[in-house]
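# Notes for the structure review
Chain by chain, the residues run as shown.
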Amino acid sequence: MLAIITAVKSASNSAKNIYYAIAGKPYSFTCDVMLDIGEKHEIGRNALEKGYVGMDEIRQAGTASAEEYETAMERVMKDYGFGDAMKAPKTIRELNAPTTSMLPALGSAAKRLARSVLAGATITIRFHNDCDGSSGAIALYEAIEALKKKTGVKDLPISWKMNRSVGYSLESFYEDYESSKAHRSMEKPLVVITDFGTMQESESAISASAKEQHRCDFIWLDHHPIYEGFGSYKIMLPHYINTWDFGGNSDYTAGYLTCVFAEMIAPIDTEDLRQASLIGDFSAFGKREEKRWQKLAVVLDYLTSRRESEGAISPKSMSSIIRDRERFEETFVRASTIIQEAIDVGVSKVRHYKGRDGINVYVLDFKHIIRDDGETPLPGRFSSRLQEKMEEISGKRTITMVHYGNYVSLRADKNLAEEIQLLKILEEVKNSSEHIQSFGGHNPAASVRTDKEHVAHVVKLLLSALGAG
């Protein structure tokens, strides 16, 4: 049967190269003959099915034109459910309207990811290291695994990277691009980003990705507010999907959005992951009284905060833990103990300031929270939990600031944050100081980046802006 070579995963020994082809359906195989992308070959079905093609089982048949490749890809896309009409996943009532508005964009993005899977092209998936980012990453992992099982293709070049920063740096882009160069494909390298990146720190990477010599495709799923000036960068990303652009806001979490996206790739059940993302990111739609979802949010926050997690924790390993009842319960108990101990210390160490209009401002140096065993909660999520506790003590007109390294993390009650327009306050402070490099987040949950030498100075500026200086 006629096969079009769609990708080549090179090995140090060319005899171990892995080839990907479309021959009515996707295949992956090794071969005694060196092949190149775009080539057409007559290969027996039995050889393709067994995953090894001998020299006497292949006959060259020319080179596929762009039209031939596109026709073959469109046919196989349709066969695997990525035709014109794609099923819309169900969402909670409050999110139906923005979800419906996003469906065409999500469907287009799902088809783009499916093309890379079916062609055997390089895919890099980056997710923010918290409950929200990891819930979406797990859903996406399980969807891709389901699609891989359906196609039977193995050894796909897919990498998962947990992002500790809220920006997609130029260094990260070059890392993603360079790692794709050893793998040639008819499809451009694809980078999927979820739950971070809508900030000035990402501008250089987006610009570099648009240059012909660095050409990559992006699927960018986010729910952070879109700052003025980002529009010129957003248009460089054909699959940039942000809930704010479709009648939603940050309460429609990135994890929930990515779960919806994942269900458009494969028929998996993401309900628990969706609900955990709403709880973990303090969405107005989170049902914290549902113990299973609350536990899952705690576990995902814990797993993505551990010191060794960058190398040991992946969507695959997290999926295995949350699907194993005994391991899940053990992890929850451990995570709950650690965060409660951290909150107890935080309450005893905060400094209290009175701001204008009856606002209580609490400031904490994160050094008091650091543990020796490598299981220190990450500052951002700890700040959110500390804010909850301080609201219990002082009421809703409360703001917490936790400073660590070169960052200051701010949390506030949603209504208070909107009343005082916290992000606008941060913008004004940034414009007045040469020591603030960037800021970002939501009104109720934001962060400021400075340098270690000026953290104390920036905290004083923020206190002053809140009337507590």
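To keep things clear, this report deals only with the structure shown in the data block. (Residues numbered from 1 in each chain as written. Predicted model: local features only at pLDDT ≥ 70, side-chain atom pairs only at ≥ 80, totals over all residues. Heavy atoms only, no water.)

## Some details on the overall build of the protein
- Secondary structure summary: the protein contains 17 helices and 18 strands in total.
- Relative to the 2.2 N^0.38 estimate, which gives 23 Å for 469 residues, the radius of gyration of the protein is 24 Å and therefore close to what a compact globule would have.
- For the protein, the C-alpha atoms occupy an extent of roughly 80 × 50 × 45 Å along the three principal directions.
- Counting across all 469 residues of the protein, residues that qualify as buried make up 56%.
- Here the analysis covers contacts within the protein between residues at least 6 apart in sequence; of these, 67% occur between residues at least 24 apart.
- Averaged over its 59 positive side-chain charges, the protein has a centre that lies 2 Å from the centre of its 65 negative ones. (Helix = DSSP H or I, 4+ residues; strand = E, 2+ residues; numbered from the N terminus. Rg over C-alpha atoms; globule rule 2.2 N^0.38 Å. Buried < 20%, exposed > 50% of the residue type's maximum accessible area, 1.4 Å probe, protein only. Contact = heavy atoms within 4.5 Å. Lys, Arg positive; Asp, Glu negative; His and termini not counted. Charge placed at Lys NZ, Arg CZ, Asp CG, Glu CD.)

## What about the sheet that holds strand S16 (residues 407–412)?
- Read from one edge to the other, the open sheet built from six strands follows the order S13-S14-S15-S16-S18-S17, with strand pairing classed as mixed. Every interior strand has two partners, whereas the edge strands, strand S13 (351–354) and strand S17 (438–441), have only one. Strand-to-strand twist in this sheet, taken as the mean axis angle between neighbours without regard to direction, amounts to 20 degrees.
- With five bridges connecting them, S16 and strand S18 (residues 445–449) associate as antiparallel partners. Looking at S18, one finds that Leu 410 is bridged to Ala 446.
- Strands in contact with helix H14 (residues 379–394) are strand S14 (360–365), strand S15 (398–404) and S16; relative to S15, the strand with the most contacts, it is inclined by about 150 degrees. (Pairing = 2+ DSSP bridges. Axes fitted to C-alpha atoms, helices over the stretch in contact; angles between N-to-C directions.)

## A look at the pattern of salt bridges
- Inspection of every chain in the model, using the stated rule, returns 33 salt bridges.
- Among the ionic pairs, Asp 217 bridges to Arg 112, the shortest N-O distance being 2.8 Å. Placement of Asp 217 in strand S11 (residues 217–222) and of Arg 112 in helix H3 (residues 96–119) is noted, with a sequence separation of 105 residues between them.
- Given a relative accessible area of 17%, Asp 217 falls into the buried group.
- Put simply, Glu 70, Glu 74, Arg 112, Arg 115, Glu 187, Lys 188 and Asp 217 are held in one network by salt bridges that share partners. (Salt bridge = Lys/Arg side-chain N within 4 Å of Asp/Glu carboxyl O.)

## Considerations on the nonpolar core
- Of all hydrophobic cores here, the largest spans 75 residues; its most connected members are Leu 106, Leu 113, Leu 140, Phe 261 and Ile 265.
- The residues contacting Leu 106, other than those within four sequence positions of it, are Leu 221, Ile 241, Leu 257, Val 260, Phe 261 and Met 264.
- Judged by nonpolar contacts, the second largest core, of 27 residues, contains Val 363, Leu 410, Ile 425 and Phe 439. (Core = buried A, V, L, I, M, F, W, Y, C linked by side-chain atoms within 4.5 Å.)

## Focus on the side chain of Thr 258
- As for its placement among the helices and strands, Thr 258 is situated in helix H8 (residues 254–263).
- Judged by relative accessible area, Thr 258 falls into the buried class, the value being 1%.
- Only 2.7 Å separates the side chain of Thr 258 from the side chain of Thr 194, close enough to count as a polar contact. (Polar contact = N/O pair within 3.5 Å; in protein donor to acceptor, adjacent residues only side chain to side chain.)

## So, the sheet that holds strand S10 (residues 190–194)
- Overall, parallel pairing links the five strands, which are arranged S8-S7-S10-S11-S12 in an open sheet. Looking at the sheet topology across the chains shown, the edges are occupied by strand S8 (158–163) and strand S12 (239–242). Shown here is a sheet whose adjacent strand axes are inclined to one another by a mean of 10 degrees, direction ignored.
- Two elements, S11 and S12, share four bridges in a ladder whose sense is parallel. Note on S12: the bridge partner recorded for Ile 219 is His 239.
- Packing against the sheet, helix H5 (residues 170–180) makes contact with strand S7 (123–128), S8, S10 and S11, and its axis sits at approximately 155 degrees to S7.

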